[in-house]
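Letter by letter, the chains look like this.
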Amino acid sequence: MEDLEKPKKILILGGGTAGWMTANLLIRAWGDRGFEVTLIEAPDIGIIGVGEGSTPLLRSFMNSIGLKEQDWMPACNATYKLGIRFDGWSTMAGFPRYFHPFPAQVDDYTAPVFFQNCFARRNGLDVEGHPDHFFLNTYMAEHKRSPYAGESFPFTTQYGYHFDSGLLGQYLGDVARRRGVRHVQAEVTEVKINARGEIESVVDDTGQRYEADYFIDCTGFRSTLLQKTLKVPFVPFADNLFNDSAVVFPTPRPEDLAPQTISTALKFGWAWTIPLTSRIGNGYVYSSAYTTPEEAERELRTFTGVGEAADIEARHLKMKVGRVLKHWEGNCLAVGLSQGFIEPLEATALVFVQTTVKRFIWALESANFSTEKRDWFNEDINQRFEAVRDYIVAHYVVNSRSDTDYWRDNANNKVSGSLYDVIASWTAGKDLNDELKRQKISDFYPPVSWHCLLAGYGIYPAKEGLKTRDAAKHQAKLDEIHDFIRRCSLNYVPHMDLLHAQPQAM
Ligand SMILES: Cc1cc2nc3c(=O)[nH]c(=O)nc-3n(C[C@H](O)[C@H](O)[C@H](O)COP(=O)(O)OP(=O)(O)OC[C@H]3O[C@@H](n4cnc5c(N)ncnc54)[C@H](O)[C@@H]3O)c2cc1C
């Protein structure tokens, strides 16, 4: 076993969001033990430059490295995010859209009623089964409230952010450099392997050689170290997830910004609408097997209302959807797009960056810097990829659109055994929470998320066949919940007031 006291050299290849998040987490964890962290990036290759939405985990990342919202948010044109609104994914009457909220403490009061209603409606009772009636964050997103309440309201709500990904990378880079990360701008053109098949050093285009104990591959879809050099296989998710392309462009922002991402189903995929303080980010994620880049761009232009406006320039991107077989091989760890990508529907990419690096730190520290936990680590990260993939696939497979082959093929798509059992439990009128518990998958997406998705698409028996019981009592309970949520929301500061209060904002 290696000596824990011996400081290690860590080399991160790649300076996108993944590279700089990794650098910050590592210097925070090990900087004071004398570990050296070097990050090499090639400005000529550049970063992917998209990825504007997060989950609440980004907040815990910022907290864990000691960054304050009032500092980093204005620098990254960031806004708050209380969840995602899904428009047009279902054609069921009464379910044209639904909201997937991040959790709030007061959900403890409303979610059980929602679960009961979902259960009753799946078993033939005519009760309210649309998720949008039951969650504080849903109401607050609609009414443009921020996640900050006054002192006298002690119930918290979880939230994420929207941000300019280029600016976030720069900000994290500045922080990491100040904290001791060495930054080199050069292109690595050669990777040297030792007799054990591990990476010994990398060489840049000026001939400079860099040795290290650990090499972190943050080279994006290129995956220069893990996939190209160490030949770790890639496991594509293309059979389950058809989207492989995207077209993106910004549009001017309106005065008032809602703290939500909107995800709208289009003919061959879906479009995001993301509010930043500087602009609206728009992107259309689609499958190139069903449409062309030109048609996709036209559709996005029509959807956003910019038409042929020449001053709005679109960027076209390809996405490699899937994961590597092993994220940690030898002395190399892949983080970010180099380890895999599940399309951005639930904005989970940075969750994987953070989780991978934190678990890597734990796996090494708890095993005295041996490789004892490597197999466990790889299996753990793979399980997370599969679980997130299944939740994303569920959005497609339960769709009821029939306007294009894309949506019809998606509805008939193969699913994993795990997802099959979740959907079967729902349609059979069983207790979904029991099924999620049985499969031990509630840690990845909790019961509220699964209920919102399946109920939000209106996957219920036909309305005409439903029985009514105690209609007046049912309505009174709904009114009570609505009133409770409305009154809770009054405690939270309006979204724009909070953004305007940040230093240098807008
Ligand atoms: C269409 C789309 C939408 C997305 N939306 C979201 C979202 O809403 N939320 C979210 O969390 N994520 C999203 N993502 C994912 C997100 O963009 C990435 O996870 C994030 O930007 C991290 O990328 P990265 O750092 O892994 O790779 P990149 O940004 O591609 O960075 C790669 C780095 O490696 C360097 N490099 C490569 N080769 C070499 C070499 N030989 N020598 C030196 N340097 C090298 C490059 O210079 C660059 O610095 C989205 C992705 C796509 C494609």
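Notes on the structure follow.

Now for the packing of helix α4 (residues 107–122) against helix α15 (residues 471–489). Running from N to C, α4 and α15 cross one another at 145°; their axes reach a closest spacing of 11 Å. α15 is crossed by α4, and the crossing has left-handed handedness. Between α4 and α15, the residues in contact are Y109, T110, V113 and N117 and H474, K477, E480, I481, F484 and I485, respectively. Across the contact of α4 with α15, the residue classes break down as five nonpolar, three polar and two charged.

Next up on the list: the pairing of strand β10 (residues 199–204). The side chains of a regular strand alternate, first on one face of the sheet and then on the other. Taking burial as the measure, the six residues of β10 include five buried ones, the bulk of the element. By the bridge criterion, five bridges tie strand β9 (residues 188–193) to β10 in an arrangement that is antiparallel. Residue pairing for β10: E190 is matched across the bridge by V203. Connecting β9 to the next strand, β10, in antiparallel fashion are five residues, including G197 with a positive phi near 80°. Direction of pairing for β10 relative to strand β11 (residues 209–211): antiparallel, over a ladder of three bridges. Of the residues in β11, the one forming a bridge with S201 is E211.

Attention now moves to the packing of aromatic side chains. Following the criterion strictly, the structure yields 38 aromatic pairs and no others. A ring pair is formed by Y80 and Y159, whose centres lie 5.4 Å apart and whose planes are at 70°; its orientation type is edge-to-face. Placement of Y80 in strand β3 (residues 79–81) and of Y159 in the loop between β6 (145–149) and β7 (160–162) is noted, with a sequence separation of 79 residues between them. You'll find Y80 and Y159 in the same group, each marked buried. Among the aromatic residues, those joined into a cluster by ring pairs are F86, W89, Y98, F242, Y290, Y396, Y406, W407 and Y457.

All right, on to the side chain of T356 then. If you trace the backbone, T356 turns up in helix α9 (residues 349–365). Looking at T356, its side chain comes within polar contact range of the side chain of Q339, at 3.1 Å.

In this section: the pattern of salt bridges. Pairing of side chains with opposite charge becomes possible as their charged atoms draw close. Under the definition given, this model contains 28 salt bridges. For R279, the salt bridge is made with D164, and the minimal N-O distance between the two is 3.4 Å. Here R279 is found in the loop between β16 (269–275) and β17 (280–286), whereas its partner D164 is found in the loop between β7 and α6 (165–178), with 115 residues between them in sequence. Like R279, the residue D164 is buried in the burial classification. One salt bridge in this structure joins D380 and R384, with 3.1 Å as the shortest N-O distance. Residue D380 and its partner R384 are both found in helix α10 (residues 374–397); the two are separated by four residues, about one turn of the helix. When salt bridges with common partners are traced through the structure, they connect R323, E386, R389 and D390 into a single cluster.

So, on to the site of the ligand. Around the ligand, the surrounding shell holds 33 residues, and the nearest of these are G15, A42, V50, G53 and V188. Here an oxygen atom of the ligand and a backbone polar atom of T17 are 3.4 Å apart. Between a nitrogen atom of the ligand and a main-chain N or O atom of V188, the distance comes to 2.9 Å. Summarising the interface, the protein chains cover 96% of the accessible area of the ligand, which totals 1000 Å² for the free molecule.

The next point concerns the environment of F134. On the secondary structure map, F134 appears in the loop between α4 and α5 (136–142). Residue classification places F134 among the buried residues on the basis of a relative accessible area of 0%. The spacing of F134 and T110 is 24 residues in sequence and 5.8 Å in space, taken between C-alpha atoms. Ignoring anything within four residues of it in the chain, the contact list for F134 reads T110, V113, F114, N117, E128, L478, I481 and I485.

With that settled, consider unusual backbone geometry. The phi dihedral of N77 falls on the positive side, at around 55°, and the residue is not glycine. Among the structural elements, N77 can be located in the loop between α3 (69–75) and β3.

In this section: helix α2 (residues 57–64). Looking only at α2, the buried set comprises L58, F61 and M62. In a view along the axis of α2, the buried residues occupy a sector of 95°, so they form one face of it. Packed against the buried residues of α2 are α1 (17–30), α3, β7, α6 and α9. Taken from the residues just after α2, G66 is the one with a positive phi, measuring 75°.

Relative to the helices and strands, L82 is located in the loop between β3 and β4 (83–87). The spatial distance from the C-alpha of L82 to the C-alpha of A309 is 32 Å, given a sequence separation of 227 residues. Dropping the residues within four chain positions of it, L82 is found in contact with F99, H100, P101, F102, N137, M140, A141, R145, P147, Q158, Y159 and P259.

Our focus in this paragraph is the sheet that holds strand β8 (residues 182–185). With respect to topology, six strands assemble into an open sheet ordered β8-β2-β1-β12-β21-β20, the strand pairing being mixed. Each of the sheet's edge strands pairs with one partner strand only, and the pair in question is β8 and β20 (328–329). When strand β1 (residues 9–13) meets strand β12 (residues 214–217), the two strands line up parallel, connected through four bridges. Within β12, the residue paired with I10 across the bridge is Y214.

Turning next to the sheet that holds β11. Taken together, three strands build an open sheet; the order of strands is β9-β10-β11 and the sheet is antiparallel. Every other strand in the sheet has two partners, leaving β9 and β11 as the edge strands with one partner each. Strand-to-strand twist in this sheet, taken as the mean axis angle between neighbours without regard to direction, amounts to 25°.

It is worth spelling out the environment of T468 at this point. Following the sequence through the fold, T468 ends up in the loop between α14 (447–456) and α15. By relative accessible area, T468 is classed as exposed at 56%. C-alpha separation for the pair T468 and D126, spaced 342 residues apart in sequence, amounts to 5.2 Å.

Here we come to α6. Taking 1.5 Å of rise per residue, 14 residues should cover 20 Å, and α6 covers 20 Å from first to last C-alpha, within 8% of that figure. Buried-residue contacts for α6 involve α1, α2 and α3. Capping the start of α6, D164 holds a side-chain oxygen 2.9 Å from the backbone nitrogen of G166, two or three residues further along. Phi turns positive, to about 110°, at G180, one or two residues after α6.

Conventions used here
- Residues numbered from 1 in each chain as written.
- Predicted model: local features only at pLDDT ≥ 70, side-chain atom pairs only at ≥ 80, totals over all residues.
- Heavy atoms only, no water.
- Axes fitted to C-alpha atoms, helices over the stretch in contact; angles between N-to-C directions.
- Helix = DSSP H or I, 4+ residues; strand = E, 2+ residues; numbered from the N terminus.
- Left-handed = near helix turned anticlockwise from the far one by under 90°.
- Contact = heavy atoms within 4.5 Å.
- Nonpolar A, V, L, I, M, F, W, Y, C, P; charged D, E, K, R; others polar.
- Buried < 20%, exposed > 50% of the residue type's maximum accessible area, 1.4 Å probe, protein only.
- Pairing = 2+ DSSP bridges.
- Phe/Tyr/Trp six-rings, centres within 6.5 Å; stacked < 30°, edge-to-face > 60°.
- Polar contact = N/O pair within 3.5 Å; in protein donor to acceptor, adjacent residues only side chain to side chain.
- Salt bridge = Lys/Arg side-chain N within 4 Å of Asp/Glu carboxyl O.
- Near = heavy atom within 4 Å.
- Areas by Shrake-Rupley, 256 points an atom, 1.4 Å probe, with all protein chains shown as cover.
- Arc of directions from axis to C-beta.
- Expected span 1.5 Å × (residues − 1).

On their own, these measurements won't tell you what the molecule is for.
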